[in-house]
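Coordinate inspection notes
So you can see what is in the structure, the chains are spelled out below.
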Amino acid sequence: MTNEASPAVNIQTREGQEQLKKMGVKPIPAPDDLTRPYWDAAKRHELRIQRCTACSEYQHPPQATCEQCGGATLEWAPISGRGVIYTYIIDRRMMTPGFNEPYVVAQINPVEAPRTTVRITANIRGCELEDVYIDMPVEVFFEDVNAEVTLPQFRPTAEAKLQSRGEVRPGPAM
Ligand SMILES: [Zn+2]
């Protein structure tokens, strides 16, 4: 995509993001100092979120200090990538350039921090739009968009009830 007449797009800038839109490429995250460790981990196909070293609470999206205790020392702890859908939307109007089919944007509550404000925003893939439901069990997978950006995305686990197919997949415990 890059040649001498068209310098590399700098995705860190608003101009770069606008350029991507004009090219019909889906907008991709522009990491800043606060969020860069999340995206760097994703590049290594790891899911890491902030955890306070003082009170051990997880938090996401990232903040400069701990929401719970105000602690200023936050580590980037690896998590399993399993969770449940807290809420979601289906964008059928495709107002974002580069998206040509309806898609799901969900907030995922990781199993490590159940019933908290910890929520990871991602697309849900690997099922029909109609399959998606609140509390659906999901697991992370990593989508390498380009050499610089990998997106943590989520898909239903084997325990998820995929209603569009009229079936309930048996989970390991059943
Ligand atoms: Zn804390």
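Residues numbered from 1 in each chain as written. Predicted model: local features only at pLDDT ≥ 70, side-chain atom pairs only at ≥ 80, totals over all residues.

Here's the deal with the sheet that holds strand S7 (residues 137-144)
To keep things clear, this is the line we draw: Strand pairing follows a simple DSSP-based rule, namely that at least 2 bridges must link the two strands. What counts as a helix is a DSSP run of H or I of at least four residues, what counts as a strand is a run of E of at least two, and both are numbered from the N terminus. Orientation is described by lines fitted to C-alpha atoms, with helices fitted over the stretch in contact, and by angles between N-to-C directions that extend from 0 to 180 degrees.
The sheet built from five strands is open, its strands ordered S6-S5-S4-S7-S8 with antiparallel pairing. Looking at strand neighbours, the two that pair on one side only are strand S6 (120-123) and strand S8 (150-156), the edges of this open sheet. Averaged over all pairs of adjacent strands, the angle between their axes in this sheet comes to 40°, without regard to strand direction.

Some remarks on the environment of Arg155
Condition: Using C-beta atoms placed from the backbone, we call a residue buried if 20 or more other C-beta atoms fall within 10 Å of its own, exposed if 12 or fewer do, and partly exposed for counts in between. Residue pairs are scored as contacts if the distance between their C-beta atoms, which are placed from the backbone, is within 7 Å.
In this structure, Arg155 sits in strand S8. Accessibility expressed as a C-beta count within 10 Å gives 15 for Arg155, which makes it partly exposed. Residues Arg155 and Val138 lie 17 residues apart in sequence; the distance between their C-alpha atoms is 5.3 Å. Arg155 has contacts with Ile124, Arg125, Gly126, Cys127, Val138, Glu139 and Phe141, leaving out every residue within four places of it along the chain.

A word on unusual backbone geometry
The step from His60 to Pro61 runs through a cis peptide bond, and the omega angle for that step is 0°. Looking at where Pro61 falls in the secondary structure, it is placed in the loop between strand S2 (58-59) and strand S3 (74-78). If you check the backbone angles, Ser56 has positive phi at about 70° while not being a glycine. Topologically, Ser56 is positioned in the loop between strand S1 (48-52) and S2. Exposure remark for Ser56: the 13 C-beta atoms within 10 Å place this residue in the partly exposed category. Look at Asp135: it is not a glycine, yet its phi comes out positive at around 75°. With respect to the element layout, Asp135 can be found in the loop between S6 and S7.

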